[in-house]
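Close look at the chain arrangement
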Amino acid sequence: LLNLAYVLVGRPIEAVAADIRPYISDPFRSIVIEGTIAPGDLETFLQIVRENQGKINGVYCFSPGGDFYEAMKIGRAMRALALSSHAPGRDQAGPPLCGLSDYGPKPTDPENCTCASAGFFIHIGAIARWGLYLAAHRPYFDKGQFGNLSPSEAKKAFDDLQQSAREYMDEMGVPKRIQDDVIGTASDRALVLDQKTVRTYLFDKLPYIYEWEKNRCERLSVAENNLYHKKY
């Protein structure tokens, strides 16, 4: 059961990995993750972090999906490195928007103006989440061995996979009701989270960081407060 091809959320894995590249706009240094997430993308991501001596502020997510386990690896690395994540914006009609201003990078392929499926699992790993267009569904197995399993074997493999997704979302502070919606969305569909849900639960800094900073700043002098905000 552990040898079941790729585990996907979004587009099937292709030979070409995601385009993971640095985006430097002094004094900020970010990493752009664009395209389909594939095995090995974590190492490319970490190589850019090393090349910048760890001085990376955040990530821009322009991904329609890809490998679930690789997405979780990148998300956990982002949490350990205390990085923020920027998903696309959203226009009044609902579609995603990228590059409306001179600030920040744009996807090289307009079709990658999304943060969906595996991209969603990367985005939630950040300690501060920005952007309003997020789409998700439950992870699934690529075409191949899964369909050849017996019903009991298929149930066990499927249940283990969904449990991995739940445990990861719980680790990243995603509310249970959103977890239920994601797991309850079939792999050939997409749950586009409404703006109220995103703004309430998946936008801005993690709650404990927000409240810690607010509490800390209330106890600082004016000079200390100014110095603190220059650092953070």
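Residues numbered from 1 in each chain as written. Predicted model: local features only at pLDDT ≥ 70, side-chain atom pairs only at ≥ 80, totals over all residues. Heavy atoms only, no water.

**Description of the side chain of T197**
- One can find T197 in helix α6 (residues 195–201).
- Beyond its immediate stretch of four places on either side in the chain, T197 contacts R177, I178 and L202. (Helix = DSSP H or I, 4+ residues; strand = E, 2+ residues; numbered from the N terminus. Contact = heavy atoms within 4.5 Å.)

**Some thoughts on the nonpolar core**
- Counting 44 residues, the largest nonpolar core has F45, F120 and F121 as its most contacted members.
- Among the elements of the structure, β3 (28–34), α1 (41–51), β4 (58–62), α2 (68–80), α3 (118–123), α4 (151–171) and α5 (176–183) are those that each provide at least two residues to this core.
- Each residue touching F120, except ones within four places of it in the same chain, is listed here: C115, L134, A135, A136, M169, V182, L193 and L202.
- Core analysis: the next-biggest nonpolar cluster, separate from the first, contains 5 residues, V32, Y60, F62 and C113 among them. (Core = buried A, V, L, I, M, F, W, Y, C linked by side-chain atoms within 4.5 Å. Buried < 20%, exposed > 50% of the residue type's maximum accessible area, 1.4 Å probe, protein only.)

**Quick notes on the pattern of salt bridges**
- Tallied over the full model, the rule gives 10 salt bridges.
- Beyond isolated ion pairs, a larger network of salt bridges with shared partners links D19, R21 and E34. (Salt bridge = Lys/Arg side-chain N within 4 Å of Asp/Glu carboxyl O.)

**Things to note about the packing of aromatic side chains**
- Taken as a whole and assessed by the stated rule, the structure comprises 8 aromatic pairs.
- Their ring planes at 85° and their centres at 5.4 Å tell us that F120 and F121 sit as a pair that is edge-to-face. Considered together, F120 and F121 belong to a single accessibility category, that of buried residues.
- A centroid spacing of 6.1 Å and a plane angle of 45° characterise the contact between F121 and Y168, whose relative ring orientation is tilted. A residue pair is termed long-range when its members are at least 10 positions apart, and F121 in helix α3 and Y168 in helix α4 qualify at 47 residues. The pair F121 / Y168 is uniform in exposure class, with both members buried.
- A connected cluster of aromatic rings, assembled from ring pairs, spans F68, Y69, F120, F121 and Y168.
- The residue whose ring lies beneath R199 is F203, and the NZ or CZ to ring-centre distance is 5.4 Å. (Phe/Tyr/Trp six-rings, centres within 6.5 Å; stacked < 30°, edge-to-face > 60°. Lys NZ or Arg CZ within 6 Å of the ring centre and 35° of its normal.)

**Examining the packing of α4 against α5**
- The geometry of α4 relative to α5 is characterised by a closest axis approach of 10 Å and an angle of 150° between their N-to-C directions. With respect to α5, the axis of α4 lies roughly antiparallel. At the point where α4 passes α5, the crossing takes the right-handed sense. Here α4 contributes Q162, A165, R166, M169 and D170 to the contact with α5, which in turn contributes Q179, D180, V182 and I183. (Axes fitted to C-alpha atoms, helices over the stretch in contact; angles between N-to-C directions. Parallel < 35°, antiparallel > 145°, perpendicular 65-115°, else oblique. Left-handed = near helix turned anticlockwise from the far one by under 90°.)

**Concerning the sheet that holds β4**
- A sheet is described by the order of its strands in space; here 6 strands give the open sequence β2-β3-β4-β6-β9-β13, paired in mixed fashion. The two strands at the open ends of the sheet, each matched to only one other strand, are β2 (19–25) and β13 (204–205).
- Contacting β2, β3 and β4, α1 crosses the sheet at an angle of about 20° to β2. (Pairing = 2+ DSSP bridges.)

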